[in-house]
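So you can see what is in the structure, the chains are spelled out below.
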Amino acid sequence: MTEQTKNSQTILVVGGGMSGLSAAVEAAEVGFDVVIVERNAYLGGRVSQLHHYFPKLCPPGCGLEINFRRIRQNPRIRYLTMAEVEQVTGKPGAYEVAVKVRPRFVTEKCTCCGKCAEAATQKVSDTFNLGMSQVKSAYLPFPAAFPQQFVIDPSVVGTQEGEALAKACEYGAVDLTMTEKTVSLSVGAIVWATGWEPFDPSPIPYYHYGQHKDVITNLMMERLAALDGPTGGKIVRPSDGKAPEHVAFVQCAGSRDTHYLPYCSGVCCLAALKQATYVLEQYPQATATIFYIDIRAMDRLEEFYTKVAAHPRVKLVKSKVASITADPQTGQLLLTGENTEKAEPYRSAADLVVLSSGMVPNTATRKLPAEAQYDAYGFVAAAPAGAAIAGCVRRPMDVSMCVQDGTAAALRAIQTVSRR
Ligand SMILES: Cc1cc2nc3c(=O)[nH]c(=O)nc-3n(C[C@H](O)[C@H](O)[C@H](O)COP(=O)(O)OP(=O)(O)OC[C@H]3O[C@@H](n4cnc5c(N)ncnc54)[C@H](O)[C@@H]3O)c2cc1C
């Protein structure tokens, strides 16, 4: 299928996370046509998976919803979900872009009534919950997903289950004949905002992530605490569903380590402090211990750090944790290391351990389908004229910085299309 956008004043934004959304709405609101290309079935990126934002501790859904409303109200913005850029040719002001769009098997006629999910009997792994739960073969990625449009898992196409889903939809929105298609776009400038993925700590032998169920990552903790998460917001031990009394946060789990992720992601200390508040709020007796090399809380976020650190049930231990083991009988986790302030070794018990794993740019494993330069870690260091880079694909940053970065990228894109 070939589809032409109006003209080369159009700006393409690749990645619909906070950085890409910011670039898109800012450019559209000053009069430019924008197309967002997003790989997931929904917009919002990783922020959609967070329970609360530091430092305000408000749910990220509010900020996302404001952006979605701006998109809904602005006819200049189009978006393609389940879509990825395959090829870019041309020059600044006149690019031809081939976008591959995977089938959702549900059309825009979907009213989100949920009848297809009611008819579904099969389940598939829930990637939104990082595999900690399953979803029906017809699912909405999460309750507040934008667009509010179901997805059908490709595994049921051509099966009786697929037919049952189609039959259940009284609006005729289930279309199992959908196939992958290529959409061609003519655009004047491109903003690359493809973001990050969590570092996988399983190669770190002394933390046993993947072997002990109650050693989880910080992003898993976000999903456990989220009301729409796998446990309905209850922070419990994955091994036995019990409430934890002592939660340990292990900072720099792979970060600032030349064997794994040599850089600092800049947000993990604040994320751990934030997640300590999740534990304190939910369990009036529980404690949170944060093991850190040094706390990195920049500027105004220092205040957030001092406030959480002063809580009587929060303990900070200056140490790089040396090992996490589990008692074979009780399953209780034991952290060992040296408290470098007191110059004392410790053995500290915990019911749940959260590894603060850093942010890896998506481009570390898959380069952009366009000319770009990368730093040693895979972040995009520079892109040629006509392309702008925004957010965590450029370097790790928090959401407020992503909003600024996305806005700056919008300006660069506007300059490119206006220069012609
Ligand atoms: C545990 C944890 C907790 C955090 N908590 C906070 C917090 O409380 N407050 C805060 O300010 N920050 C927090 N952050 C940081 C925050 O998550 C990031 O700042 C934010 O996600 C960055 O947004 P982004 O748009 O740059 O990237 P992303 O959120 O990764 O969005 C990128 C988007 O691009 C899409 N994409 C990727 N590749 C392609 C492709 N090839 N084609 C099309 N689309 C593609 C992705 O699917 C995604 O939707 C936290 C980070 C972690 C690790």
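Residues numbered from 1 in each chain as written. Predicted model: local features only at pLDDT ≥ 70, side-chain atom pairs only at ≥ 80, totals over all residues.

A. Highlighting helix H8 (residues 399-418). Its 20 residues place the ends of H8 28 Å apart at the C-alpha level, agreeing with the 28 Å of an ideal helix rising 1.5 Å per residue. Along H8, the positions that sit buried rather than exposed are Val399, Cys402, Val403, Asp405, Gly406, Ala409, Ala410, Ala413, Ile414, Thr416 and Val417. (Helix = DSSP H or I, 4+ residues; strand = E, 2+ residues; numbered from the N terminus. Expected span 1.5 Å × (residues − 1). Buried ≥ 20, exposed ≤ 12 C-beta atoms within 10 Å, placed from the backbone.)

B. View of the environment of valine 380. Mapped onto the fold, valine 380 is located in strand E23 (residues 380-382). The spatial distance from the C-alpha of valine 380 to the C-alpha of valine 417 is 22 Å, given a sequence separation of 37 residues. With near-sequence residues (within four places) excluded, valine 380 lies in contact with Trp192, Thr363, Leu368, Ala372, Tyr374, Ile389, Val393 and Arg394. (Contact = placed C-beta atoms within 7 Å.)

C. Representation of the pairing of strand E5 (residues 94-101) in the model. In the sheet, strand E4 (residues 83-91) pairs with E5 via eight bridges, with the strands oriented antiparallel. Counted as the bridge partner of glycine 90 is tyrosine 95 from E5. The turn linking E4 back onto E5 is made up of two residues, and glycine 93 within it adopts a positive phi angle of 95°. Two elements, E5 and strand E10 (residues 181-187), share seven bridges in a ladder whose sense is antiparallel. Its bridge partner being in E10, valine 97 is matched across the sheet by leucine 185. (Pairing = 2+ DSSP bridges.)

D. Summary view of the nonpolar core. Within the largest apolar cluster, 83 residues are counted, with the highest numbers of intra-cluster contacts made by Ile11 and Val191. If you count residues domain by domain, this core takes at least three from each of domain 1 (11-101 + 180-197 + 360-418) and domain 2 (115-168). Sequence-distant contacts of isoleucine 11, that is, excluding residues within four places in its chain, are made with Ala27, Phe32, Val34, Val187, Gly188, Ala189, Val191, Ala413 and Val417. Ile204, Ala248, Ala276 and Leu333 belong to the second-largest nonpolar core, a separate cluster that totals 46 residues. (Core = buried A, V, L, I, M, F, W, Y, C linked by C-beta atoms within 7 Å. Domains from an automatic or database assignment.)

E. Seen up close, the sheet that holds E5. The antiparallel open sheet is built from three strands, whose spatial order is E4-E5-E10. Unpaired on one side and paired on the other, E4 and E10 mark the two borders of the sheet. In this sheet, neighbouring strand axes are inclined to one another by 20° on average, regardless of whether the strands run parallel or antiparallel. (Axes fitted to C-alpha atoms, helices over the stretch in contact; angles between N-to-C directions.)

F. Spatial organisation of the environment of glycine 15. Structurally, glycine 15 can be placed in the loop between strand E1 (11-14) and helix H1 (18-29). Taking the C-beta count within 10 Å as the criterion, glycine 15 has 30 such neighbours and is therefore assigned buried. Taking the C-alpha atoms as reference, glycine 15 lies 11 Å from isoleucine 389; in sequence the two are 374 residues apart. Residues contacting glycine 15, with those up to four places away along its chain left out, are Gly20, Glu38, Gly45, Trp192, Ala193, Thr194 and Gly195.

G. Region of interest: unusual backbone geometry. The peptide bond linking phenylalanine 54 to proline 55 adopts the cis configuration, its omega dihedral lying at -5°. Mapping proline 55 onto the fold places it in the loop between strand E2 (34-37) and helix H2 (61-72). Residue proline 147 is reached from phenylalanine 146 by a cis peptide bond, and omega for that bond is 5°. Tracing the chain through its elements places proline 147 in the loop between strand E8 (138-139) and strand E9 (151-152). Of note, the phi angle at cysteine 112 is positive, near 70°, even though the residue is not glycine. Structurally, cysteine 112 is set in the loop between E5 and helix H3 (115-119). A positive phi is found at cysteine 252, a non-glycine position, where the angle reads about 55°. Mapped onto the elements, cysteine 252 comes out in the loop between strand E14 (246-250) and helix H6 (268-282). Residue cysteine 252 is classed as buried on the basis of its C-beta count, with 24 C-beta atoms lying within 10 Å.

H. Quick look at the domain arrangement of the protein. Domain parsing of the protein yields domain 1 (11-101 + 180-197 + 360-418), domain 2 (115-168) and domain 3 (200-357). If you average the C-alpha positions of domain 1 and of domain 3, the two centres end up 31 Å apart. Of the residues lining the interface, twelve residues belong to domain 1; the matching set on domain 3 comes to 18 residues. Across the side of domain 1 that touches domain 3, the residue classes break down as eight nonpolar, three polar and one charged. (Nonpolar A, V, L, I, M, F, W, Y, C, P; charged D, E, K, R; others polar.)

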